[in-house]
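Close look at the chain arrangement
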Amino acid sequence: MTGVQGERVIVVRHAMPAVDPDVPSEQWQLAQESRVAARLMRLHVCHPAYYVASTEPKAAQTMQEIAGAQRVVRDAGLAEVHRPHVWFTDEKGYHSAAQAYARGECPDGWEPRDQVIERFDAAVVRHAAAAAEQNRTLVIGTHGLAPTVWMASRYQLATDPARFWADLRFPDIVEIDLHAQTVTCLTH
């Protein structure tokens, strides 16, 4: 893998979306009350920064709340793991499938982990280079599962990837210290 430029990368998991079982999750919008929670994440980000977000609305909207008037670039490489639109009747069903994925399994129809890692890594490397050119910190607005499997492929997580993913909140901020090669959750 190509090295990630810079001193640190900030990874932001999106705020809570307005969940609609009739709409695929990649189309969910940020819940109105979640915008305040997203704005509070500004306290953990040094401004100005280089902001990039997944093309999914909930992640892009979270990042725009953090960035304020600053520009947010969008990149499909930072999207969540692609999976079939299946509504689990209870939260445990999705959590079990996602934790299995984080541990290395791949449920039927889910994007293969190596593809997720490859596309996510390419996006991070590309945007880290652009951020370094501007002498800014890279701040990535994304999801939970895709960045977890990517981080686990590059860095030592404090817990196993399934536990790391399960502990992430809506929203949450993770800092990657590129020199020390450490991953730290800043908001919990």
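Above: the structure in question.
The following refers to the structure shown. (Residues numbered from 1 in each chain as written. Predicted model: local features only at pLDDT ≥ 70, side-chain atom pairs only at ≥ 80, totals over all residues. Heavy atoms only, no water.)

We now examine a nonpolar patch on the surface. On the surface, M16, V19 and F170 cluster together into a nonpolar patch covering about 240 Å² of accessible area. Inspection of the secondary structure puts F170 in the loop between α6 (161-167) and β5 (172-177). (Patch = residues over 30% accessible without salt bridge, like charges linked within 9 Å, V, L, I, M, F, W, Y side chains within 5 Å. Areas by Shrake-Rupley, 256 points an atom, 1.4 Å probe, with all protein chains shown as cover. Salt bridge = Lys/Arg side-chain N within 4 Å of Asp/Glu carboxyl O. Helix = DSSP H or I, 4+ residues; strand = E, 2+ residues; numbered from the N terminus.)

Turning to the packing of aromatic side chains, a few remarks are in order. Under the definition given, this model contains five aromatic pairs. Taken together, a centroid distance of 6.0 Å and an interplanar angle of 70° make the contact between Y94 and W165 edge-to-face. A residue pair is termed long-range when its members are at least 10 positions apart, and Y94 in helix α3 (residues 91-103) and W165 in helix α6 qualify at 71 residues. As far as the burial class goes, Y94 and W165 line up, both buried. (Phe/Tyr/Trp six-rings, centres within 6.5 Å; stacked < 30°, edge-to-face > 60°. Buried < 20%, exposed > 50% of the residue type's maximum accessible area, 1.4 Å probe, protein only.)

In this section: the packing of helix α4 (residues 113-133) against helix α5 (residues 145-154). It is at 9 Å that the axes of α4 and α5 come closest, and there the two elements cross at 85°. In terms of axis orientation, α4 runs roughly perpendicular to α5. Only A146, P147, V149, W150, S153 and R154 of α5 make contact with α4, whose side of the interface consists of R113, V116, I117, F120, D121, V124 and V125. Its residues assigned to classes, the contact of α4 with α5 comprises nine nonpolar, one polar and three charged. (Axes fitted to C-alpha atoms, helices over the stretch in contact; angles between N-to-C directions. Parallel < 35°, antiparallel > 145°, perpendicular 65-115°, else oblique. Contact = heavy atoms within 4.5 Å. Nonpolar A, V, L, I, M, F, W, Y, C, P; charged D, E, K, R; others polar.)

Here we take up the environment of A18. Take A18: it is sitting in the loop between β1 (8-13) and α1 (34-40). Taking the relative accessible area as the measure of exposure, A18 reaches 40% and is therefore partly exposed. A18 sits 103 residues away from D121 along the chain, and the two C-alpha atoms are 28 Å apart. For A18, the residues in contact, after removing those within four places along its chain, are W28, Q29, L30 and A31.

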